[in-house]
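# Architecture and fold: a report
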Amino acid sequence: MHVKSHQAVLKYTSLVLLVVQNASLILIMRYTRTQPGDMFIATSAVAVVEVLKLAMCLILLLFEQKGIVGLTKLLHTTIVLGPLDTIKVAVPSFIYTFQNNLLYIAISNLDAATYQVSYQLKILTTALFSVFMLQRSLSKLQWFALLVLFTGVSLVQVQRQGSKPLASGVAQNPFIGLMAVVAACITSGFAGVYFEKILKGSDVSVWMRNVQLCIFSIPISLITMLLNDGATIREHGMFFGYNFYVWLVIVIQALGGLIVAVVVKYTDNILKGFATTIAIIVSCVVSVYFFSFEVTAMFMLGATLVIISVFLYSKPSSAPPVVKDKLTPELEVSSGAVARSV
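Values in this document were obtained by computation on a predicted structure and should not be read as measured data.

For the rest of this paragraph, the subject is the overall build of the chain. Each helix and strand in the chain was counted, giving 14 helices and 0 strands. Start at the N end of the chain and walk to the C end: the helices and strands fall as α-α-α-α-α-α-α-α-α-α-α-α-α-α. Looking at the chain residue by residue over its 342 residues, the buried ones come to 49%. By sequence separation, contacts in the chain at least 24 residues apart represent 88% of the contacts at least 6 residues apart. Here the chain has roughly 16400 Å² of accessible surface; of this, 71% comes from carbon and sulfur atoms.

If you want it as structure tokens, here you go:
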């Protein structure tokens, strides 16, 4: 009885953490991209997140291996003696770094509520890549859910036309924001499924996978930063425009993968769908009061369809789907944690 009670506490604590992470990250990120004053360099924030993520994973591995000696041996065995396994994650590392930069473009041009709803298109792209790359079968209900999802996002985007400056004077372009979201969803879906496919059967932990990813993502993000914003950085410095809220976004992003790892372990798809729904609702409510977001009938209809589609897609089927390439549970956690940490 005590064990069940403990598991229930962990399950719902994980659910609350996921809701807070999903909603707060988007809302605070939106605020940092629309606040008046000096604007921070988004590419530098992406790089700092990767460095912080690496530090967190190394600390966790340090405790897991019970000391620096065990950690050193693990890193040597996994990375130095297994370079091919590490090189495999180079492609998803590049894609996730690209995706992180796209999300900053998206949230700079879309309000938090529209972004939160539109980004659920990643369910559609991940499902399609799973079918084509892993030969995974979807039920008729899941195909119907994907159709409902696409319809819902389309309705939400109908009202987002034209470029409208905010009260802070920051210009935004909803079309650019939408294109960035779509591109981010496509890259997210492909990278997640590719990650599953190449790492099938591996026994490497989620923390070590993140370390391997950071080996590539840190230099990639630094190069991207210098190529895009080198002149600004040389003039003002890498941390130009940083304030408390920017650092808060960075910390929440870095913690995202760790939170998802816990969530996947202790919750099921229905609860994760419930968390997504709450995050969308919270984003809408907060956007109305703090970002002067206008909720139209079209947006309400579209958001409702997206929420329904999330539950339909997560609903367990009477018969398990046919999966030709099935990962171990640990790798599913790894892939999900990496994908959602961005």
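Let us now look at the side chain of aspartate 111. Within the element layout of this structure, aspartate 111 appears in the loop between α5 (90-109) and α6 (112-118). Polar contacts involving the side chain of aspartate 111 include one to the main-chain amide nitrogen of threonine 114, which spans 2.8 Å.

We now examine helix α7 (residues 121-134). Given a rise of 1.5 Å per residue, 14 residues ought to cover 20 Å, and the 19 Å separating the end C-alpha atoms of α7 matches this to within 8%. Those residues of α7 not exposed but buried are Leu121, Lys122, Ile123, Leu124, Thr125, Ala127, Ser130, Met133 and Leu134.

To continue, consider the nonpolar core. In a soluble, globular protein the nonpolar side chains are often hidden away together inside. Within the largest apolar cluster, 48 residues are counted, with the highest numbers of intra-cluster contacts made by Tyr104, Tyr115 and Phe299. Those residues in contact with tyrosine 115, other than ones at most four positions away along the chain, are Ile26, Leu103, Ala106, Ile107, Leu110 and Val181. Counting 11 residues, the second largest nonpolar core, distinct from the first, contains Cys57, Leu71, Val206 and Ala254.

Turning our eyes to something else, we now look at the environment of valine 286. Within the fold, valine 286 resides in helix α12 (residues 269-290). C-alpha separation for the pair valine 286 and alanine 113, spaced 173 residues apart in sequence, amounts to 8.6 Å.

The next subject is the packing of helix α2 (residues 42-64) against helix α3 (residues 68-80). Where α2 meets α3, the axes come as close as 7 Å, and the angle between the chain directions of the two elements is 115°. Judged by the twist between their axes, the crossing of α2 over α3 is right-handed. Facing Leu58, Leu61 and Leu62 of α2, the residues of α3 in contact are Ile68, Leu71, Leu74 and Leu75. Looking at the contact of α2 with α3 residue by residue, the class counts come to 7 nonpolar, no polar and no charged.

Before going further, it helps to examine the environment of phenylalanine 239. Within the secondary structure, phenylalanine 239 sits in the loop between α10 (206-236) and α11 (244-266). Taking relative accessible area as the criterion, phenylalanine 239 reaches 46% and is therefore assigned partly exposed. Sequence separation of phenylalanine 239 and valine 48 is 191 residues, and the distance between their C-alpha atoms is 9.7 Å. If we skip the residues at most four places from it in the chain, phenylalanine 239 touches Val48 and Trp247.

Analysis parameters
- Positions within a chain are numbered from 1, following the residues in the order the chain's sequence is written.
- Restriction of local features to residues with pLDDT of at least 70 applies here, the model being predicted, together with a cutoff of 80 or more for giving and counting side-chain atom pairs; totals for whole chains, interfaces and linings are based on all residues.
- Computation of side-chain values: all heavy atoms of the structure, hydrogens and water removed.
- Per the convention used, a helix needs a DSSP run of H or I reaching at least four residues, while a strand needs a run of E reaching at least two, with both numbered from the N terminus.
- Only protein chains enter the calculation, and the probe is 1.4 Å; a residue is then buried if its accessible area is under 20% of its type maximum, exposed if over 50%, and partly exposed in between.
- In what follows, a contact means two residues having at least one pair of non-hydrogen atoms within 4.5 Å.
- Here the Shrake-Rupley method, with its probe set to 1.4 Å, supplies the accessible areas, and only the displayed protein chains count as covering residues.
- In the analysis that follows, any N or O atom pair within 3.5 Å is treated as a polar contact, provided that within protein one partner can donate a hydrogen and the other can accept it, and provided that, for residues neighboring in sequence, both atoms belong to side chains.
- Take the residue count of a helix, subtract one, and multiply by 1.5 Å to get its expected span.
- Buried Ala, Val, Leu, Ile, Met, Phe, Trp, Tyr and Cys residues form a nonpolar core when they are joined through side-chain atoms within 4.5 Å.
- Structural elements are reduced to axes, namely lines fitted to C-alpha atoms, with helices fitted over the stretch in contact, and the angle between N-to-C directions of any two is expressed from 0 to 180 degrees.
- Note on convention: near helix rotated counterclockwise from far helix by under a right angle means a left-handed crossing. Clockwise means right-handed.
- Each residue is assigned to one class: nonpolar for Ala, Val, Leu, Ile, Met, Phe, Trp, Tyr, Cys and Pro, charged for Asp, Glu, Lys and Arg, and polar for all the others, Gly among them.

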